Amino acid sequence: MQIRVAQRKRGGPITHRGVFMALNSTKPSFLHRVVGTHQTSMEENGRGTCKDDSSLVFAINSQRFELRNLDDPSITLLQFLRSQTSFKSPKLSCGEGGCGACVVLLSKYDPELDKVEDFTVSSCLTLLCSLNGCSITTSEGLGNSKTGFHNIHKRFAGFHASQCGFCTPGMCMSFYGALVNAEKAVDDRLSKLTAVEAEKAIASNLCRCTGYRPIADACKSFAGDIDMEDLGINTFWKKGDSVQNKMSILPLYSPGDGVCDFPEFLKGQGKGGSLSSWIAPGNVKELQSLMKGIDHGDETRVKLVVGNTGVGYYKEEKDGCVERYIDLRYVPELKIIKKDETGIKLGAAVTISTAIKALKKESDEIYQKIAAHMEKVATSFVRNSGSIGGNLVMAQRKHFPSDIATILLAAGSYVEVLTAEINEKLTLEVFLERAPMGSKDVLVSIEVPKWKASQIGSRLAFDTYRASPRPLGNALAHLNAAFMAEISETSEGSVMSSCRLAFGAYGTKHAIRVKNAEEFLAGKKVTPAVVYETIGLVKSTVVSDEGASNPEYRSSLAVGFLFNFLSSFMADPFKGNASNGWLNGHSTAPDEDSEATQKSCHDGKSSLLLSSGKQVFQASKENRPVGEAIGKTGAALQASGEAVYVDDIPSPPNCLYGALVCSTKPLARVKDIGFKSNPLPDGVAALISYKDIPKDGENVGSKTMFESESLFADELTRCAGERLAFVVADSQKHADSAANLVVVDYDTESLEPPILTVEEAVKRSSFFHTPPFLQPKPVGDITRGMAEAEHRLINAEMKLESQYYFYMETQTALAIPDEDNCMVVYSSTQCPEYSCAAIAQCLGLPQHNVRVITRRVGGGFGGKAFKSLPVATACALAAHVLRRPVRTYVSRKTDMIMAGGRHPMKITYSVGFKSNGKITALKLDVLINAGISLDVSPIIPIHLVGALKKYDFGALAFDIKLCKTNHSSKSAMRAPGEVQGSFIADSVMEQVASTLSLDVDSVKTVNLHSHDSLKLFYDGICGEPHEYTLISIWDRVARSSSFNERREMVEKFNRCNLWSKRGISRVPIVFEAGGMATPGKVSILSDGSIVVEVGGIELGQGLWTKVKQMAAFCLSSTKCEDSLLERVRVIQADSLSLIQGGITAGSTKSESSCEAIRLCCNLLVERLVPLMEKLQKETGSVRWEMLISQAYMTSVNLSASSYYVPDFATTRYLNYGAAVSEASLSRSRVLHTKLVEVNLLTGETTILRSDLVYDCGQSLNPAVDMGQIEGAFVQGIGFFMLEEYKTNSEGLVTADSTWRYKVPTIDTIPKQFNVEILSSGHHQNRVLSSKASGEPPLLLASSVHCATRAAIKDARKQLHTWGGLDGSHAMFNLAAPATMPVVKELCGLDSVESYLKWRMNHK
Ligand SMILES: Cc1cc2nc3c(=O)[nH]c(=O)nc-3n(C[C@H](O)[C@H](O)[C@H](O)COP(=O)(O)OP(=O)(O)OC[C@H]3O[C@@H](n4cnc5c(N)ncnc54)[C@H](O)[C@@H]3O)c2cc1C
Ligand code: FES
Ligand code: FES
């Protein structure tokens, strides 16, 4: 490999075997001076000036900061907070405004009104320079362990709302922003916020662990209108406590607690920026003269800015070369909000949130609807700083798929544009159609006229629409639309005098009006024939540009929305009046409808809440505190943001930062890799590649029990996403920017084409081998089973796609060289032992030279197991070569490109069955795409078959191939293989039921295992008959969910509604789990405090909490008088302190770690008991401290280690559960404070309700297990319904951001979510009778998919009656994820046209 060595800007290059580096390069110096807490005198700068002595003054958590002359004005608040202050609670997770992990509260003082405005912003997009005079509050500023936690922290902890904790400070701040704005409190424990508002406050924040329900409860506990009975499991009150009692126990909330008092020292601070790189003109003239002054060629270096949120989308602008910003926020003409009888004028710099407030104040329905639509634009913390002008400029200049452009276009808006010379007023339509605005042009204002009907007797109608994967926003629309019409009611029906039909965001340049359709409709009576013809015109105009995704779907959305709008003007064919009869169907029975809605949604309680639910469990008192639902260790620390993750560890002096460079080609020779520019990009110190691996080392980045994987590609890259090199620079920002500038010269000449499909892998016999001990065993005689069948389905096919982990904390590590060729590596990993081995092998060091430390991990889900190793190894290698600390925090994009994720697969099966649905034989051929290297893929087949066998298939045979392809290697993701196996089994049931026209639930029931068949399928691990709880769970979930009654309701609902369909489904699961060998160590210190080390890693799953409970329980058998729980501290994992830690995966590491601790404690108890007995004799009762101090005096060994090795014969066992889910192919939306089912033509699914019953044996901690069950289920919803981990044709991940990859948010979880943990009593071979909870419940989410399928089935039946489908409509495959386009396609992309044609023929 050739590295082009070029001159560095600062400090020359020093070459070293392919490495160029500047050993003495200084700390990143983006600022010159930070002045601490005391105020320094400062000259008040006039706005628009660029003085050299200029400065920026702001406060963070009341501390004063003053900065002078920023080298890099594009530095964000988050970068500043995390690199220059001790406030680490705002986390980086996406860096693009899409997740909420970085949210802070920004407060501004308005001297004219003597008022402080508080609002949340995403600190990852907020420019530091924009903060002059502002006060910032972070979660640790609300409260902390030193000054006392804030009540939000306490309630988040008490309601079990924090698991890994990485999202928690951002959640707290998003909620605090809503709380602080909710006027004055109604009483001292509750605020004026409503429960609905409390939920919405966190609707834009992502959490990958909890499933949101507990977070919603923590927030709702502050709501003035909350019914305490509706709040879930918490540590504050016990079951049966009175409401008064509950109220009195909740940590006191006082709105005026002074947290957010605006610092007096900021009140006199000038408003705008006052740095030479930041200019805030005070009026249009100043602005104009500034714009004129920009030299030709300098345009790209000067940028107009308001909220800077645009860089969340146009990320390249982040790395750009902006040297000077012109802040538009202080130009009065751009801040104006003027209302009169002609309309409302909004300055372009008015934020979307302010515009919403202004519009909402108006009684005009059009304004109300525009405001309601704007509430779904972006996220709350983006709307608070993002301006409407910024949005429209992005739409006009860069073709951003804007909502605001579309709705304002339909509302006939005008814009005012200021160019260097002139001030123009033009229609928004002309503005959008023009050539992109010049860089010196300024959008000044937007005017939305007030519309009135032009004739007496006519009325105006206006509505807006958007179809997106998340109902409440934080997702771009597949298409948006807004329509305005003037309607005259005549004796013959509704006549449309005129209309404006606007469509946007459908994969074209900008929003448009469909003028030919508008003209066609003008003066026409709205009849089915007219609507049909209009639709034709719209369809031929609303056409996505070439290459846009889902073009047919988007066209069908345009049709659907227009039909939705126009049908309200068509006379109901049966009632004769204009209503939405056309939409709802001929037999709409409102009473039945609403009864069904309520029954399904809220168990009789009409509610507008996004989520509610019940949690049922029995806390075991036998082994206290084991079995108690105690709160998660460190939850309040996580909420306040004081919990330390790897990236929160302060950088050691001289630290460098790395960024990985990945291949974009699936198979190519890497001829050259380097930078084109000379000098090198800012701050770059080295470009590390495989050539830098030490002589004694090896090119190893990851080591599993099966194979090693290279750290970097050598001459050949074998998949897109493969690591090629590691850029090392003086800051993470510089490293990330430089990684984007690396140029790789590929050559594919004379190479075979890459293998990019499993079919191609089969053709070229490209397979991995599965070792015999991991090969699943067939069951029974497949030939006989097939022969016994009365019906057969032969070679049915299905495909399953991948899933990305989306841990909120991306991969990260910090490597610090230590004396004598040692290396200390802090890594966010699920397996420090393996990290240590990989690093040692790569560096050619003995393992005792490498210490890997892991305290906590911000979410893992399997992705921080072997996939974390190369990241830590790259840091260690760079640190080893450069002899300096090196850290990295992998960007979300790179993380998504490298991760691999879940295994995609193709399944072909043949199934034989009887007429009653009883299956006699199932034969499968499964092609698993394992990617380029083995990783842990050999475990997938056995996991897949393990979960597939949940039904009695009579005989089962399979041929499972692990295909080696040129994709990034797939790895274990929560329930690896099992989720696919379980889903395949249910899909077989669905197809069998469809073939026989039987009810699918009865087919499932008839195929459930008896204990005898269970024994056959799960040889040796099925346990005693009483341990097989699935049959009772199956009945129990039917009862608790009123399954049969609700099935009837669903049928009734579907008969009554043409455009909304529901489905309900029950799904069982069987999941194999097994313990793992795990070490433990317990030491008692002289003051009686206890320190515990375990092999297991705290990933958010509550492992530490369970371990603490176990230690307290076991040590309490010394019979001392005290409770020991609070004395136990579990400490970070350290690969040299406790060896053989193994991997934290497979759902059983908590149990195994507990068992290891039990063994240690037993040893300690054995040593302490004689002393205890002696002391008891002498003094009667004995306190713990006394016992321990005596033990110290008498030299009792108070440290014990163990290595728990589960008994091979009994370690594996089965877990059982079942779920009922009800899904609706419609969106419930709040309209005039009533929950209504909106006719849905978009393919959107709402999960109305899910009921889960899961057997946890005897839960070690029901609160922790409840969190695991709910969180896993919601992650499963992501897999089955939402998450598309897409790649391009070369296998390069294109779903590489929060824009393109949609994990569930609170508005996509079940509206009612009921979970029962079944305590199934004594299980002899389990750790205190407990069973796993981490992974199995994820499988239950297929109930949502099956329910959706049931709803689609009814939709297709109906489409068949309209002539839109043939007789085979019942046989179909619903892909996973069942995204909106997928569902809509199955329901008929042209269902509206079919319906209208059918109607026209059946007058
Ligand atoms: C996570 C996220 C989700 C989003 N989702 C949606 C969505 O669903 N629907 C939707 O419509 N939008 C969405 N947006 C876009 C959002 O509305 C815009 O980012 C925001 O309105 C831009 O305003 P700003 O003040 O931050 O602009 P800035 O980022 O400050 O500026 C954006 C661009 O416009 C230029 N500019 C700004 N104001 C002017 C002006 N007055 N005259 C001339 N040039 C100007 C700037 O130079 C820059 O090039 C989303 C944004 C984010 C970050
Ligand atoms: S990190 Fe700022 S919103 Fe995700
Ligand atoms: S607790 Fe929310 S992401 Fe882990």
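Residues numbered from 1 in each chain as written. Chains lettered and ligands numbered in written order. Predicted model: local features only at pLDDT ≥ 70, side-chain atom pairs only at ≥ 80, totals over all residues. Heavy atoms only, no water.

(A) Inspection of the sheet that holds strand S28 (residues 716-717) at higher detail. The strand order across the open sheet formed by 3 strands is S28-S24-S30, and the pairing between neighbours is antiparallel. Of all strands in the sheet, those bounded by a partner on one side alone are S28 and strand S30 (742-747). In this fold helix H22 (residues 732-741) packs onto strand S24 (668-675) and S30, with an angle of close to 30° to the strand it touches most, S30. (Pairing = 2+ DSSP bridges. Helix = DSSP H or I, 4+ residues; strand = E, 2+ residues; numbered from the N terminus. Contact = heavy atoms within 4.5 Å. Axes fitted to C-alpha atoms, helices over the stretch in contact; angles between N-to-C directions.)

(B) Layout of the site of ligand 1. As a matter of local geometry, ligand 1 sits amid 38 residues, with Leu304, Thr309, Gly310, Ser387 and Asp403 nearest to it. Contacts to ligand 1 include Thr309, whose side-chain N or O atom sits 2.5 Å from an oxygen atom. Contact distances for ligand 1 include 2.9 Å between an oxygen atom and a side-chain N or O atom of Asn391. For the shell around ligand 1, the secondary-structure elements that each account for two or more residues are strand S10 (302-305), helix H13 (388-398), helix H14 (403-410) and strand S16 (442-449). If you tally residues by element for the shell around ligand 1, the top one is H13, at 5 residues. When its residues are assigned to classes, the shell around ligand 1 shows 21 nonpolar, 11 polar and 6 charged. (Near = heavy atom within 4 Å. Polar contact = N/O pair within 3.5 Å; in protein donor to acceptor, adjacent residues only side chain to side chain. Nonpolar A, V, L, I, M, F, W, Y, C, P; charged D, E, K, R; others polar.)

(C) Layout of the nonpolar core. In terms of nonpolar packing, the biggest core is built from 227 residues, with Phe156, Phe175, Phe726, Leu924, Phe953 and Leu956 touching the most fellow members. Here this core takes 11 residues from helix H26 (residues 869-882), the largest share from any one element. What Phe726 contacts, discounting residues up to four positions off in sequence, is Gly658, Ala659, Leu660, Ala686, Leu687, Ile688, Phe712, Ala874, Cys875, Ala878, Val886 and Thr888. Core analysis: the second largest hydrophobic core is formed by 55 residues, Val284, Ile294, Ile326 and Leu392 among them. (Core = buried A, V, L, I, M, F, W, Y, C linked by side-chain atoms within 4.5 Å. Buried < 20%, exposed > 50% of the residue type's maximum accessible area, 1.4 Å probe, protein only.)

(D) Representation of the side chain of Thr717 in the model. Turning to its location among the elements, Thr717 is positioned in strand S28. Among the polar contacts listed, one links the side chain of Thr717 to the side chain of Ser663, at a separation of 3.0 Å. In this structure the side chain of Thr717 is engaged in a polar contact, spanning 3.4 Å, whose partner is the backbone oxygen of Cys719.

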